Structure formats: structure tokens, C-alpha cells
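# Inside the fold
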Amino acid sequence: MKLTTKGRYAVTAMLDLALHDGGGPVRLAEISRRQEISLSYLEQLFSRLRRAGLVVSTRGPGGGYSLARPAGEIAISEVIEAVDESVDTTRCGGLGNCQNNAPCLTHELWIELSARIREFLGGITLGSLMENARVREVAQRLEAEAGDTEIRVPVESLEAERQP
């Protein structure tokens with residue numbers, strides 16, 4: 001399996017957005033500065049994320065992007081799929097034509113691995129990543145390095161999100 005920069009950056013940018021979504025729309029320039037991702041690349045990614053219904057955009061002064069759903073409802077697999085990334089570990093793209101137009105000896109192994117990776121990433125949400133102490137530590141470090149104040153999402157809102 002090869003997860004390219006596109007998929008990694010999309011997940012990183014969406015997590016950054018989720019961490020800062022509590023104070024209104026977030027400008028891509030802010031995400032670009034904090035995560036050191038090209039603004040033009042972020043614009044391309046967010047165009048795809050918007051079409052997939054994962055983010056909404058607000059135009060004008062004070063505009064930017066917001067999550068379309070609560071962070072706890074957005075699976076990492078959705079983010080990766082929205083930017084046309086694949087978690088397929090087969091050489092044949094799952095078609096079964098990997099060796100002389102037929103399945104190779106280990107085809108079923110790679111099919112099962114791909115399914116488990118999709119299942120794993122489908123079970124992790126932006127909200128669950130936000131609750132991870134190490135993720136929050138890194139986010140705070142990046143805030144300080146970028147000269148930003150702090151993460152806008154209070155811990156209380158994360159706890160409220162977990163309540164049924």
C-alpha cells in the first residue's frame with residue numbers, strides 16, 4: 001500500500017481544521033502556515049473535500065472552511081477517499097489480473113490486508129484523534145511555532161461530543 005502525500009496532507013489538514021473549528025471558519029492560509037503545506041495544494045485538496053461533503057466553505061471577510069459534520073462523525077477513511085487515494089495493497093488494483101491475467105499466489109492475502117486497513121481507518125475519526133493527548137501536544141507545539149494563540153476547541157466540547 002502506498003498512501004501518497006495527497007492522502008497524508010488531506011488527513012493532516014482536516015485534523016488541523018477540526019482542532020480549530022470551534023471559533024468559526026478557518027482560513028486555508030492558517031492551516032498552510034501551521035502545517036507547512038502549500039496554500040495552492042490545500043486549495044486543491046479542500047475543493048475535493050468540499051465536493052465530498054466533508055467541509056463547507058464560507059465566503060467573504062471572516063470566511064474559510066468548517067467541518068460539515070461533527071469531528072466524531074468523520075472517519076479518516078472518508079478523508080482519504082475524498083481526495084481519490086486508495087488503500088489497496090494489491091498490485092492489480094483488486095482486479096485479480098496480477099499474474100498472467102490471473103490472480104497471483106498471494107492475491108487473497110493482499111485483498112484481506114486492504115480490507116483490514118479500510119476497516120481500521122474507518123474506525124478512527126477526527127474526533128478520536130483530537131482526544132489523543134499526543135496529538136494535542138503536537139498541535140499546541142505547532143500553534144506556538146506558527147505564532148498562533150491556541151487551539152480553539154475546548155476540551156469540554158470534546159467531552160460533550162462523546163455524550164450520547
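A brief structural summary. (Residues numbered from 1 in each chain as written. Predicted model: local features only at pLDDT ≥ 70, side-chain atom pairs only at ≥ 80, totals over all residues. Heavy atoms only, no water.)

## Focus on the overall build of the chain
When its secondary structure is counted, the chain shows eight helices and two strands. Expressed as a percentage of the 164 residues in the chain, the buried residues total 40%. Partitioning the contacts of the chain with sequence separation of at least 6, the portion at a separation of at least 24 is 66%. About 9,500 Å² of surface is accessible on the chain, with carbon and sulfur atoms providing 50% of the total. (Helix = DSSP H or I, 4+ residues; strand = E, 2+ residues; numbered from the N terminus. Buried < 20%, exposed > 50% of the residue type's maximum accessible area, 1.4 Å probe, protein only. Contact = heavy atoms within 4.5 Å. Areas by Shrake-Rupley, 256 points an atom, 1.4 Å probe, with all protein chains shown as cover.)

## Some remarks on the pairing of strand β1 (residues 55–58)
As paired elements, β1 and strand β2 (residues 64–67) share four bridges and run antiparallel to each other. The partner of Val56 across the bridge, within β2, is Ser66. Between the antiparallel neighbours β1 and β2 lie five residues, among them Gly60 with a positive phi of about 90°. (Pairing = 2+ DSSP bridges.)

## Topic: unusual backbone geometry
A positive phi angle, close to 65°, is found at Asp84, a residue other than glycine. With respect to the helices and strands, Asp84 occurs in the loop between α4 (76–82) and α5 (107–122). When its relative accessible area of 56% is taken as the criterion, Asp84 is described as exposed.

## Observations concerning the packing of helix α2 (residues 28–35) against helix α7 (residues 133–146)
Across the interface, α2 lies against α7 with an axial gap of 8 Å and an inter-helix angle of 100°. Comparing their axes, α7 and α2 come out roughly perpendicular. Along the contact surface, α2 presents Arg33, Arg34 and Gln35, while α7 presents Leu142, Glu143 and Ala146. Grouping the constituent residues of the contact of α2 with α7 by class yields two nonpolar, one polar and three charged. (Axes fitted to C-alpha atoms, helices over the stretch in contact; angles between N-to-C directions. Parallel < 35°, antiparallel > 145°, perpendicular 65-115°, else oblique. Nonpolar A, V, L, I, M, F, W, Y, C, P; charged D, E, K, R; others polar.)

## Let's talk about the packing of aromatic side chains
Counted according to the given criterion, the structure contains two aromatic pairs. Relative to Tyr41, the ring of Tyr9 has its centre 5.8 Å away and its plane inclined at 80°; by these criteria the two rings are edge-to-face. On the criterion of sequence distance, the pair formed by Tyr9 in helix α1 (residues 5–20) and Tyr41 in helix α3 (residues 39–51) is long-range, its members being 32 residues apart. By relative accessible area, which is 30% here, Tyr9 ends up partly exposed. Classification of Tyr41 as partly exposed rests on a relative accessible area of 25%. (Phe/Tyr/Trp six-rings, centres within 6.5 Å; stacked < 30°, edge-to-face > 60°.)

## Section: α5
Taking 1.5 Å per residue, 16 residues should reach 22 Å; α5 reaches 23 Å between its end C-alpha atoms and fits that length. Regarding α5, the residues found buried are His107, Ser114, Ile117 and Leu121. Looking straight down α5, one finds its buried side chains confined to an arc of 90°; they lie on one side. For α5, exposure combined with an orientation more than 90 degrees from the buried face picks out Glu108, Arg116, Glu119 and Phe120. Where α5 is buried, its residues touch α4. (Expected span 1.5 Å × (residues − 1). Arc of directions from axis to C-beta.)

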